[in-house]
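Secondary and tertiary structure notes
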Amino acid sequence: MRLIVTEKNSSAKKIAEVLGAPAGGPKADKTYKVPFYTWTNAEGREEMAIGLKGHVLGPAFPEGYSNWQKTDLHDLIDADLIKEPTDKNVVKAIKKMAKEADELVIATDFDREGELIGLEALEEMLDANPSLGTREDTAKGTLKILRARYSATTKEELLRAFDNLDYLSYPLANAGAARQDIDLLWGATLTRAVSLSTRRFGSNFLSVGRVQSPTLGLIVEREMERRAHVAKPFWELFAKFEHPDGTFQTHHTVDKFWEKAEADKALAGTSGPGVVKAVTARKNTRRPPTPFNTTAFTTDASSRLGITPASAMRIAEDLYMDGFISYPRTDNTVYPSSLPVRELIRSLTNVKEFSAASGLNDLAELKPTRGKKETTDHPPIYPTQAIHPGALEGPKKRVYELVVRRFLATFSPPMITESTRADIEAGSETYFVRGSVVVDPGYAGIYTYARSADEEIPALQEGQELQLAAVPEFRADDEPDANPWIVGKETQPPSRISQGKLIELMEERGLGTKATRADIIQKLFDRGYVYGNPPIPTETGIALYEAFKKYVPRMATPEMTADIEAEMDRIAQGEMTKGKVVGDSRELLHKTWTEIDEKKEDLAKVVWKGMDEDRILGPCKVCEEAGRTKEDGSPNMLRIIRAKKSGKRFVGCSGWKADAEPDDPKSCDQTFPLPQRGDVFRLEERCSICDRTPRLKVQPFRGRPWNLCLNDDCESMQEMKKRRAEREAAKKAKEEMDAKPQPKGDEDAPPKAKAKKGAKKTKVSKADTATRGVKRAKAGTKS
DNA sequence: GCAAGGTC
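Bear in mind that the values here come from a model prediction, so they are computed numbers and not experimental data. (Residues numbered from 1 in each chain as written. Chains lettered and ligands numbered in written order. Predicted model: local features only at pLDDT ≥ 70, side-chain atom pairs only at ≥ 80, totals over all residues. Heavy atoms only, no water.)

**As for the overall build of chain A**
Across its full length, chain A carries 22 helices and 25 strands. Here the C-alpha coordinates of chain A stretch approximately 95 × 85 × 80 Å along the principal axes. Going through the 783 residues of chain A one by one, you find that 47% of them count as buried. Once local pairs closer than 6 in sequence are excluded, the contacts in chain A between residues at least 24 apart make up 70%. As presented, chain A carries roughly 39100 Å² of accessible surface, and 50% of it is formed by carbon and sulfur atoms. In chain A, which carries 124 positive and 120 negative side-chain charges, the distance between the mean positions of the two groups comes to 5 Å. (Helix = DSSP H or I, 4+ residues; strand = E, 2+ residues; numbered from the N terminus. Buried < 20%, exposed > 50% of the residue type's maximum accessible area, 1.4 Å probe, protein only. Contact = heavy atoms within 4.5 Å. Areas by Shrake-Rupley, 256 points an atom, 1.4 Å probe, with all protein chains shown as cover. Lys, Arg positive; Asp, Glu negative; His and termini not counted. Charge placed at Lys NZ, Arg CZ, Asp CG, Glu CD.)

**Observations regarding the protein's contact with DNA strand B**
Not every one of the 40 residues close to DNA strand B is listed here, only the nearest: R192, E317, M321, Y327 and T513. The side chain of D183 places a nitrogen or oxygen atom 3.4 Å from a sugar or linking oxygen of DNA strand B. A distance of 3.0 Å separates a sugar or linking oxygen of DNA strand B from a polar atom in the side chain of R210. Those elements that place two or more of their residues in the surface near DNA strand B are helix 7 (170-198), helix 11 (309-321) and helix 15 (517-526). Among the elements that take part in the surface near DNA strand B, helix 7 stands out by supplying 8 residues, more than any other. Within the surface near DNA strand B, the residues separate by chemical class into 13 nonpolar, 14 polar and 13 charged. (Near = heavy atom within 4 Å. Polar contact = N/O pair within 3.5 Å; in protein donor to acceptor, adjacent residues only side chain to side chain. Nonpolar A, V, L, I, M, F, W, Y, C, P; charged D, E, K, R; others polar.)

**Brief notes about the pattern of salt bridges**
This structure, assessed with the given rule, holds 50 salt bridges. Between D423 and R421 there is a salt bridge, with the nearest N and O atoms lying 2.9 Å from each other. Exposure remark for D423: the relative accessible area of 18% places this residue in the buried category. The partner of R570 in a salt bridge is E575, and the shortest N-O contact between them spans 3.4 Å. One salt-bridge network, held together by shared partners, links K83, K95, E123, E124, D127 and R135. (Salt bridge = Lys/Arg side-chain N within 4 Å of Asp/Glu carboxyl O.)

**Focus on unusual backbone geometry**
Following G272, the chain continues into P273 via a peptide bond in cis, with omega recorded as -5 degrees. Here P273 shows up in the loop between helix 9 (260-268) and strand 12 (274-286). Here the bond from N533 into P534 is cis, since omega is 0 degrees, no more than 30 degrees from zero. Mapping P534 onto the fold places it in the loop between strand 17 (530-531) and strand 18 (536-537). With a phi close to 55 degrees, R199 is a non-glycine residue in the positive phi region.

**Section: the domain arrangement of chain A**
Domain assignment breaks chain A into domain 1 (2-168), domain 2 (179-228 + 521-614), domain 3 (233-288 + 416-490), domain 4 (294-412), domain 5 (615-717 + 772-781) and domain 6 (720-767). Centre-to-centre separation of domain 1 and domain 3, based on C-alpha positions: 65 Å. (Domains from an automatic or database assignment.)

**Some thoughts on the confidence of the model for chain A**
In regions of low pLDDT, the predicted coordinates are not meant to be interpreted in detail. In the predicted model, chain A carries a mean pLDDT of 89, and the fraction of residues at 70 or more is 92%. Within chain A, the element-level pLDDT minimum falls on helix 22 (residues 749-767), averaging 35, and the maximum on helix 8 (residues 212-228), averaging 98. Predicted confidence is poor over residues 742-783, with pLDDT under 50, and the contacts of this stretch with residues over four places away or in other chains come to 70 contacts. (pLDDT = per-residue confidence, 0-100.)

**Remarks on the sheet that holds strand 9 (residues 166-167)**
Overall, mixed pairing links the 7 strands, which are arranged 2-3-4-1-7-8-9 in an open sheet. In this open sheet, the two strands that pair with only one neighbour each are strand 2 (27-31) and strand 9. In terms of strand pairing, strand 2 meets strand 3 (residues 34-40) through 5 bridges, oriented antiparallel. Across the sheet, K30 pairs through a bridge with P35, a residue of strand 3. (Pairing = 2+ DSSP bridges.)

Spelled out as structure tokens, the structure:
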């Protein structure tokens, strides 16, 4: 029997369908819950295809290294790594199948990780059936094992791959294995180092890694730029002119006046009527977008649909499993020639929602755009099936539509816009107005997200005279909004990096892969290094990154990834061995650890300072009003405190003195309850609505984040209170209904009992926002 | 309880 092993079930199924077609199709079955497919080929030989679930084995530390406190990190660095199965059922299944096989074809994905996954599976199968070869052979790389390399699971491409079988590349697989070992050794060693030195144990540990730390760095560096930003005031000058079509606004040709006096001078020089000096029109051609790879898909889902990369990938995974779109993890931006694009376009444009692109069916030749990256892993993301988007629900519908519209757009003509600019001289000053009109929407007709709204301006001719709509006037500086002529503004700090942009930056710097970038960002949230959307770094996150930038810059920058990539290439080319590369890396890691071991107290102090700052929510209004301050004269601060006895968290004032009498005027007894579950962080030091207490954002473990003003009387909380009361009333009503059909005769005893229970419940649900559960202990330490 | 990389 010839056994074909793929990286995932969907590929095994496709291969079985294509190769098994002459025999009337494959038979599907399962073993150890793993699906497999069998058929008989043209020569009467039995064939079987089975899909793995990604990696079969992963590197791990052997026994004896699991206690963080008791393991010397130099020993950890020298540990002989073992390989652990990632899914026992998959291993059992392929071992069982291998026993019946007399030939193997590795048909995992056509990329480096695919080669490694193939080797992992091979090692397990040789264990089960040594007649196929031995582990020693694979270690030496002397065993020739067939390899199918395909870059799309289309019939044409699969037949081509199986007619041109190649051999497994051990050097390529070993390159991937070296990366695994280095990532684990560095990640585990330094994660333990920083967690131990800051005494953050258990689920509270602090982590660092080759990809996560530089990614955090991108966010922190931008935050530092924002903090360093000094707002600079400037003034913009506007003038309104009369026109038969209506008055319209123009902007002074000086973009920004940095001195108010200059703007005033320009305004004083402005007088009517204005004379149109020049009218220029320009045609702009915008090329249709390139095919979707994972990065472009996630950034578009983020910017056009407002769906975070992590959810976009989850939704795409669902759509892929349902057979509506192709494999969503791909680097490729060029459609392979084997895609049946004409048929696809025909069926897609038959769906009413996508009929705007039906013109494509009349084209003699379909010429899609091409992106910069052409890879062998998978095709770009495209719709594999036409369905009515209305048949899908919620975000799935919008994501499917996005993929369809993008696909159709890549075959569509460019968008043509015409922009017009007119310069108008008014006195000694010149003003201008610009408009833009879509002449031919082209691809934007189907890729509707890209279409810009027309900004029309009145028809203007050179030499035309226009009256000013109002007489230039000066107003007091303290009412800038009241003056239609001069608008005072100030320069803004660079904006925070959106999650979509972050994915793009990661790709640019080679950080992570198409399959991991969204997960890495999620990890930064889970560790409490960032919060909010766009992600804002916590003080802990900032401190940790800054500490690593100082002490282990290799880990805090993309440098390590770049080095590893270069080394992997050399292993794949046969210029270096995995053993040498990992050995050298271990040596460097010993050196690195020795260096930070000496400075770990400094590192811990930096991180602790950040953690402390994250607990501080804002100044205490009560102390402020009572004139109480800290010894140094700075305000007493409200901060998150964890009660020693109960483990519950609450907000207390730094002005509280443990030994004070209950009504000692020198001590502040202000406290506020906090939700016990979910992550809490500061939204405002002082609520902008009530101006009394800090305002927080609560991110529950699951579900939508909500805002909480600590001041219960704050107007911002009234709506929430109202809704809470409504919920309780509804609940109570329901309970009373439930209580009604109780056995008669027994007076009102049972209903009473129920009602009592109900009342109690109500209280608990009220506490939903205040005190409940202590499960997520970690959550309390953030702000 | 560690990383990053696959896939579900």
